[in-house]
Amino acid sequence: SPIGHRTNVYINMRFLALLLFWLTLRVCQPKRILQNEMFIVPILWHGPNNQITEIKEALALSFLLPGSVAVVPNLQEHKFSDGGVHEMFSKELFDIKFLRSSNATYILLDDLRKAWDGVLDVILFFRDEDYPRVGTMVGDMGLKAPDRKQWIRSPISVTRGCGQDQVQRLRKMLQPYRYVGMLCYDDFALQTHKLAGTLLSNCEGNLCCQAYKESSVLVRKSPQVSELAQDYIRKTIGVHRPFIAGHIRPMPDDCVKFWQSTGELDPIKLLDICRNNYMYDRFVPNLQALQEEYRTSYVFIMTHPIIRPRVTQMLKAGGIDPLFIDISDLNASMRAAKRPLRTKLSFSLLAVVEEAVSAAATAFVGTAESSMTGMIVQVGGGDLLRSWDRANEQTTGDAYPKLVPLGLVSLLVGLERRTSSYFKGAVQSLCRYVNEGGLGS
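Since the model is a prediction, treat every value here as computed from it, not as a measurement.

### As for the packing of aromatic side chains
Within this structure, the stated rule accounts for 9 aromatic pairs. Between Trp259 and Tyr280, the aromatic rings sit 5.4 Å apart at their centres with planes inclined by 85°, giving edge-to-face as the arrangement. One end of the pair, Trp259, is in helix α11 (residues 253-260); the other, Tyr280, is in helix α13 (residues 279-294), and 21 residues separate them in sequence. Comparing Trp259 with Tyr280 shows no difference in burial state: the two are buried. Each residue in the set Trp45, Phe125, Tyr131 and Trp151 is aromatic and connected to the rest through ring pairs, giving one cluster. In this arrangement the basic side chain of Arg113 is found over the ring face of Trp116, its NZ or CZ atom lying 6.0 Å from the centre. Directly above the aromatic system of Phe98 lies the positively charged group of Arg220, at a separation of 3.7 Å from the ring centroid.

The structure is reproduced here in structure tokens:
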């Protein structure tokens, strides 16, 4: 009929208009971004969570330098766990739609490389020590470092401070350059990779601290990663059932290898090799106390696969039957996902999903020294965290006497929602530090 024909024409025209609008955004937005003066490229350093911290620091620096664009590279697998062979695609791991809706100016490195040869103009280093293997690190990203005379020290850093005058000095220093390699890890503001980063800080005029506080929360897990985590929770624990999560990370990597050995660990060697040797005696009673408080038998554990046997033995001796994600579990979830990942299956990807599971827990006990625990506290399973620092304060209730910032942190994740300019949909959280005797003492 004529009416039906006109209706179809109208629908087709609306579809074509929407398609044209989408194509315009896809084509014109990169061109608009490419017209900016400067691109800040974080040079990837250490493991995946540390690399994410570096991306957050690059975003924060772009907030301080008007006209600059933060470049988001793909992550590299952890060399200790996977050999660092494959890339993990950032557009699959991060909530790019959420980042795009924010006030951040960014571009994926994959998109930037379509119009750039990959040669950096300058290396901006934030530490006072000798330069690391810059050429190798840059080469691992498929980029090329500039000549050594174009390696410069940043006037702003966690040790030098970050006042208005120092930021202005940095702006002038970088004016001649377009592609800036930002060589920085945990040097931009105080302990950006630990616990809640700068979210709890009163920055008191430190512009780097404030910029990280406002921009770091824009980087969060993608819906695809959250889907994999929820699939595991649904199959293993059950939807809406309370569970405890724990992250057990002996530090440094040599301590992980030491924990891998059989038999009782020599306390003298434990003290000599490990930075957080106290964890060996403390994590079981802390998990037991949280089980009792939340009346649940479900305890999900994140730890390196090579020390799972020891961790399992210790937990079972304390009456805890731990839950883990195996590579086979993740592989099955990836195959069944609505939008399968192109990122290769690896222990590094497994850790990303483990973080999303842990952030969904009723209560979480982590390793304060680890960036992995920091990522859970700061990201909160795809939602943003608002936190209150309770370190060195007396709290009500008998379970938490004389709280001091030692060892492990218990994160009690609430569900109350808040809205603000930077924390829309934020999840409130309370960081409780464990006293020397542990929660179970």
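Once the structure has been displayed, the description carries forward.
### Section: the state of the cysteines
Within the structure shown, the criterion is met by 3 disulfides. Note on cysteine connectivity: Cys203 is disulfide-linked to Cys209, with sulfurs 2.1 Å apart. Judged by the torsion about the S-S bond (-60°), the Cys203/Cys209 disulfide is left-handed. Cys209 sits in the buried class, given a relative accessible area of 9%. Cys255 shares a disulfide with Cys274; S-S distance 1.9 Å. Where Cys255 bonds to Cys274 through sulfur, the torsion about that S-S bond is close to 95°, and the disulfide is right-handed.

The rules we used
- Residues numbered from 1 in each chain as written.
- Predicted model: local features only at pLDDT ≥ 70, side-chain atom pairs only at ≥ 80, totals over all residues.
- Heavy atoms only, no water.
- Phe/Tyr/Trp six-rings, centres within 6.5 Å; stacked < 30°, edge-to-face > 60°.
- Helix = DSSP H or I, 4+ residues; strand = E, 2+ residues; numbered from the N terminus.
- Buried < 20%, exposed > 50% of the residue type's maximum accessible area, 1.4 Å probe, protein only.
- Lys NZ or Arg CZ within 6 Å of the ring centre and 35° of its normal.
- Disulfide = S-S within 2.5 Å.

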